[in-house]
Each structure stands twice: as structure tokens, then as C-alpha cells.
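# Structural overview for review
Residue-level listing of the chains:
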Amino acid sequence: MPQYPNRQFLDFEQPIKVLFEEIEKLKQTAEKSKIDLSDSIVKLENAIIEKRREITISLTPWQRVQLSRHPDRPYTLKYINNMCTNFVELHGDRNIKDDKAIVGGFAQLGGETVMIIGQQKGANTKLRQIRNFGMANPEGYRKALRLMKLAEKFNKPIVTLVDTPGAYPGLEAEERGQGEAIARNIYEMIRLKVPVIVVIIGEGASGGALGIGVGDKVLMMENTWYTVISPESCSSILWRSWDKKEEAAKQLKLTADDMKGFGLVDEIVPEPLGGAHWDYDEAANILKDYIINSIAEFKSSDHQTRINNRIEKFGKMGFWEEMLTEETETK
Amino acid sequence: MKKESSEDIEYNLTGSETDHPISATDATAPKSKWYKRIRKGITTDTADKKETPEGLWNKCPDCNFITTTQDLKENLFVCPKCNYHHRIGSDEYFETLFDNNEYEELCDNIRSIDFLHFTDLKPYQKRLDEIHAKTDLKDSMRIGVGKVNDELLVVACMDFQFIGGSLGSVMGEKFCRAIDYCIEHKLPFMCISKSGGARMMESAFSLMQLPKTSGKLSQLSDAQLPYISLLTDPTFGGISASFGMLGDLNIAEPGALIGFAGPRVIKETIKRDLPEGFQTSEFLLEHGFLDFIIDRKLLKDKIHQLILLFKG
Ligand SMILES: [Zn+2]
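Conventions adopted
- Residues numbered from 1 in each chain as written.
- Chains lettered and ligands numbered in written order.
- Predicted model: local features only at pLDDT ≥ 70, side-chain atom pairs only at ≥ 80, totals over all residues.
- Helix = DSSP H or I, 4+ residues; strand = E, 2+ residues; numbered from the N terminus.
- Rg over C-alpha atoms; globule rule 2.2 N^0.38 Å.
- Buried ≥ 20, exposed ≤ 12 C-beta atoms within 10 Å, placed from the backbone.
- Contact = placed C-beta atoms within 7 Å.
- Nonpolar A, V, L, I, M, F, W, Y, C, P; charged D, E, K, R; others polar.
- Pairing = 2+ DSSP bridges.
- Axes fitted to C-alpha atoms, helices over the stretch in contact; angles between N-to-C directions.
- Parallel < 35°, antiparallel > 145°, perpendicular 65-115°, else oblique.
- Domains from an automatic or database assignment.
- Expected span 1.5 Å × (residues − 1).

### With respect to the overall build of chain A
Scanning chain A from N- to C-terminus turns up 14 helices and 10 strands. Relative to a compact globule of 331 residues, whose C-alpha radius of gyration would be 20 Å, chain A shows 22 Å and is just as compact. Principal-axis analysis of the C-alpha atoms places the extent of chain A at approximately 75 × 55 × 45 Å. Expressed as a percentage of the 331 residues in chain A, the buried residues total 48%. In chain A, the share of contacts with a sequence separation of at least 24, taken over all contacts with a separation of at least 6, comes to 71%.

### A short note on the environment of Phe9 of chain A
Residues and elements named next belong to chain A. Relative to the assigned elements, Phe9 resides in the segment before α1 (14-33). Judged by the 15 C-beta atoms lying within 10 Å of it, Phe9 is partly exposed. In this structure, the C-alpha to C-alpha distance between Phe9 and Asp163, residues 154 residues apart in sequence, is 20 Å. If near-sequence neighbours (up to four positions away) are discounted, Phe9 is found in contact with Gln14, Ile16 and Lys17.

### Describing the interface of chain B and chain A
The interface of chain B with chain A comprises 57 residues on the first partner and 49 residues on the second. Elements that contribute at least two residues to the side of chain B that touches chain A include exactly β4 (110-111), α6 (169-185), α7 (203-207), α8 (209-222) and α9 (263-270) of chain B. Ranked by the residues each element gives to the side of chain B that touches chain A, the list is headed by α8 of chain B, at 10 residues. Classifying every residue of the side of chain B that touches chain A by side-chain character gives 30 nonpolar, 21 polar and 6 charged. Relative to β4 of chain B, strand β9 (residues 321-324) of chain A runs antiparallel, the two sharing 2 bridges. Following the sheet pairing, Glu321 of chain A is matched in β4 of chain B by Arg111 of chain B.

### Some remarks on the sheet that holds strand β8 (residues 227-235) of chain B
All names here are of chain B. The sheet built from 7 strands is open, its strands ordered β3-β5-β6-β7-β8-β9-β10 with mixed pairing. Looking along the sheet, the strands with just one partner apiece sit at the ends: β3 (103-106) and β10 (292-293). Bridge count between strand β5 (residues 141-148) and strand β6 (residues 151-158): 8 bridges; the pairing is antiparallel. Looking at β6, one finds that Met141 is bridged to Met158.

### Comments concerning the packing of α1 of chain A against helix α2 (residues 38-57) of chain A
All names here are of chain A. For the pair α1 and α2, interaxial distance at closest approach is 10 Å and the crossing angle is 170°. Here α1 lies roughly antiparallel to α2, going by the angle between them. On α2, the residues touching Pro15, Ile16, Leu19, Glu22, Ile23, Leu26 and Lys27 of α1 are Ser40, Ile41, Leu44, Glu45, Ala47, Ile48, Lys51 and Arg52. Residue classes in the contact of α1 with α2 are distributed as 9 nonpolar, 1 polar and 5 charged.

### Brief notes about the domain arrangement of chain A
The parts lose accessible area when they come together, and the size of an interface is often stated as this lost area. Here the domain parsing of chain A yields domain 1 (11-58) and domain 2 (65-315). Distance from the C-alpha centre of domain 1 of chain A to the C-alpha centre of domain 2 of chain A: 35 Å.

### Regarding the packing of helix α3 (residues 61-68) of chain A against helix α11 (residues 245-252) of chain A
Residues and elements named next belong to chain A. Axis separation between α3 and α11 bottoms out at 8 Å; the angle between their running directions is 100°. Looking at the two axes, α3 sits roughly perpendicular to α11. Contacts from Pro61, Trp62 and Val65 in α3 reach Lys245, Glu246, Ala249 and Lys250 in α11.

### Considerations on the environment of Ser221 of chain B
All names here are of chain B. By secondary structure assignment, the location of Ser221 is in helix α8. The partly exposed category is assigned to Ser221, around which 16 C-beta atoms lie within 10 Å. Along the chain, Ser221 and Phe162 lie 59 residues apart, while their C-alpha atoms are 29 Å from each other.

### Points about the pairing of strand β3 (residues 112-119) of chain A
Residues and elements named next belong to chain A. In terms of burial, β3 is a largely internal element, 6 of the 8 residues being buried. In terms of strand pairing, strand β2 (residues 102-109) meets β3 through 8 bridges, oriented antiparallel. Directly across from Gln108, in β3, lies its bridge partner Thr113. Once β2 ends, the chain turns through 2 residues before running back antiparallel as β3, passing Gly110 with a positive phi of about 55°.

### Structural notes on helix α6 (residues 138-153) of chain A
Residue and element names in this part refer to chain A. Over its 16 residues, α6 runs 23 Å from end to end, which matches the ideal 22 Å to within 8%, given 1.5 Å per residue. Looking at α6, one finds that the buried residues are Pro138, Glu139, Gly140, Tyr141, Arg142, Lys143, Ala144, Leu145, Leu147, Met148 and Ala151. The elements touched by buried residues of α6 are β2, β3, β4 (158-164), α7 (171-175) and α8 (178-189). Looking at the residues trailing α6, positive phi occurs at Asn155, about 55°.

Right under this line is the structure:
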């Protein structure tokens, strides 16, 4: 397990925090008294791994949501840096400004050039503000589309990493057409001539996620969520109370398992035991393999087939009852 | 035009009509607001209107002008004094648009089901059953094919009365089948939006209607058939983030509230009051997101004119 400074712990990770503190104490004692305590330390480290395993087994939907927002969770740029070489970030929508809530650029992944784009959250208070908590404005979506069109022109596959609590609900965002920007991206993404691989790496909140979330293959990392509204907002609207977020998370069936079960996403990408925040390199390595394999899967078909399949795939999503004279057919 | 923007757009998506809404900042909204919503609800209730005895009074929510419901109906539910466009349903729009109110309804045999067993304060299935019992509506969108001054047009129209016109699987499927019909018969397509946004009780399935409908629209585009998107009060969330804003022409009724995020959410985010006229049709036209604004009384002739221009 890699050593990261100042690890942070969620409420249900507190038992691990205790073990970390014990290890720290033992190390200090060993230092002072020159006694070899490495056996005890190894035991505690194994206990941590065991705890991580225990937590993973019994995660509730709300705890998955918490993990997707873990303060130590890797964000888009961390994945790009760990998975890719030669990343060149490209800025701006050529119209209004450069939206720092979405990053993107050319990079090499597994020896091949790709366009990689994602929402970027900030790692500390100052950066969180600069990145606007990963909530893009219309110009962010328009930058993303500009980069996707650039990739299409040069026949490079597109990878998008989705991690957003939602598109930004601001005054200027509305003035500049937040709805139109997302709508345009969805419409254009479904017709892109190059393979598009989408990965939900954290929060997949509604239209804000879909604005870079339409592809040939949609992957969800193990501890992420993806649905039409955040559990908090859902609670406030449907339960008329802010206290039902855990129940809302359960009702919304927003976990990777649920989404895969419904056929709304294609694959689940496993994370290091207990969450991606325990080991960035391991998380990125696993993800990298999934993305490379996914690109390979779609690269060989011609673009018209790919586009038709994309339209057909999303076209099947939904459930309804169709009444045929007396009988009832459920689709 | 003065516009009431204090209404909680999201609240309409709960599928409850008379319960008191909550707001994060104000748990007990003033009674007057509540009253106004109920009034609005009455004027948009198709079933009520049919049985309305002549002489029942109707008060304009915007200027308080009082008319008989009969007079208001003859004026296409537009206030004769201030031009306020009352919220109306698919019945009224079809009657406004189609010659002699003659049209064929497509795929009216599709209904929503509670596939996810979603339960908030009430099970979703119970909400559906209640609304099915109360209205003739099967979901929040109906498709009509008819003639507009002798020109055939396929119209998809939302009913706000049905869980706030929310976008769920049925709306997505009907929208797509309407387009298939257009492609098959080489007909132009029009969608009349009036929706608070996505149907939360269908969770991610409702979200996936955005790419589903967009994909189908791209096929309509490939067939070179025109798509006119008419936005009416209110149009928010998933609709504006998909087919609502994807018309070859995006047009709107005057004074309609249209946006991605609801006014309440924006206000809570930016922590200051919203400017006068924010998110109205006029605001959208000014910012370049609408081709034009059209009065309901001129709608039919304008649509006819457009069909001819596309054809000619
Ligand atoms: Zn009036």
C-alpha cells in the first residue's frame, strides 16, 4: 500500500484510521527505543487490508456515493498522468473562455494517440474554486465538443472521464445556454465517426455527466454513481426534506452494479480494495487496460456501423407497458 | 412582460398537486403562491374544462383580469388584457393547430410502469394509477398527426398535468416513434415542450432518454425533414438539455420560462436575486437561443408558413 501524506477518512473508514494511528505510534516507539517492531507493523498493515476488504463487501448505495466523492479520490488529471504519456492540454472553446472544470487534450495511451477529456475537480480549497467543483459552464461543454471534433478530423479515438456533481446552475451559464450546450454535445457525440469510450470515474450527475457521456462503450468504476439527479436534490424534491439522501440513493439504484444490471452501462471497472483512493497507480493501471481493450473492440468496425449501433443502443433504453387490445405486453 | 418566476419548477415533478412544497431557504412558502399554483392547475385541467359551465370566472395569474372560462377558451387561453399565455394541454394545442380539430393519435397504447419499484413518499405505481384514474392521459406526451391548413404535420405535445410533463421512458419512446412515422411518411415534425424536467422516479432510465431522442433526431436530420421545437411555459432540465434545444428552429410562446436549472436552484447557488425577466422567452431570444417568439393566436398560420417554406 503506497504511503500518501495526510490521508483522510470517511465515517465508515474510521476503524482504518485507528489502525493507521497505531502503526504510527509503533513506528515512533521503534525509533525511540531502537526495538524492531516490524512484525507488529506488518500485522497491522494486514489488518488494514482486511478492513478494506470488509468495507468493500458491505457498502450501501449511499456509501458508494460517499466514496465517489472521497477527498482523496483521484481526479481526471491524475488518471491522465498515470495512464498516458505525452499529454498536451488544449484550452478554450474559441468563443467565451477556457472553462477549467473540464480539461482535455491529445495524449498517448498504450502507444496510440487519443483525445482524452474529463471534468476536473480541485484537490484543495483554492483549486476546488478554480475548478468550480467540477461543475462546467456551457463553454466547458463547447470546449469538449471542439476537442472531440478535432479528434474526429484526425481519426483519433476519444476517451472521456466523467466526474461531476452536475452542470453549473449559474446565471451566466443560463445566459450562455447551458441546456443548448449539453444538448448539442449529446447530439454530436452520438454521431462522432471515431470510437468514443466513456468512463464514470466519480460522480455521474445527470445532464452534466451526459454532456461528455455518450459513447460506444460506457464504463463505470466500482465506487461511482450515475443517475438523473443527486441523492440530496432528489431527497429535497421528492421527500421534501434534506434528510432522506440515503433512502434516495437506495431508491435511485445509482450504483455501478445496478446500472450494469439495467444494461445502461456496459462494464464495471474494479478499483483497489476499498476504493481508488487507496492506490492511485493500481487504480489507473486497471482502468488503462479496460480503456485500451475497449478502443480495440470498436476500432475495426466502419464508422457508419458504429454510429448506427450507438443510436440503436441508446434507442433501446427505457421501460414501458404496451397494450395490445386485451393483452398486455411488457417490454 | 412581467413574469412570475417564484414558482418552484422542480416541485411540479413530484406528481403531487395540492401538497405544500418546501424550499431550502423557506420551509413555509406564502399561501398566495400556493393559491396561484392551484389556480394555474385548474386552468390547465382538461377534464375540468370540458365540464365547466359557461360563466365560470377565471382570473389571470399575471394581471388579475377576470374573464369567463368560455371567453378565455375562445381566445385560445390567452389573457385578452395582458396577453398572458395560460398553460394548456395537448388537447388544446391539437385543437389550435389541426384543421377542424381532426387528427390521428399515434402510439397511445404505451404506458409507464414502475420498473424500478421506486418509492418516495408514495410508490411510483400508485402515482401513475392515481393520475390514470383522474385524467384520460396515459403519460406526459401525446402524438397527433393532422393537417395544418391542409399541410400534414406530426406533433408531439407534452401535458404538464402529468407529473409536471416529466421526461420518462414513455415520452422518449413516443418521441422516437413519432420521428419514425415522419421518416416513413416524409413529414415534418414539431414538438411542443412543457416540462419541469426528468422523471426522477425512473432514475437513470429517464436520463438515457436524452441520448435516445437525440440519436433519433439525427436520423430525422439525415432524412432532411424539418424539426420545429416550440417551447412553452415552463421548459426545464432534461428537455432543454436535449430535444427542446435541438430544433432546426427553436421557437417559444411569449413570457414562457425556459432554462436548464430551475430559478430556485440558481438563486440558492449564486445567493442573490435573479434579474427581472431572467429565463423568459424574451431573455432567450435576446441571448440568441430562439429563432422567434410567437403568439398562440398566430401559431397555426406561422407553422403553416414554415412548412411551405421548407417545402418550396
Ligand atoms: Zn392578464
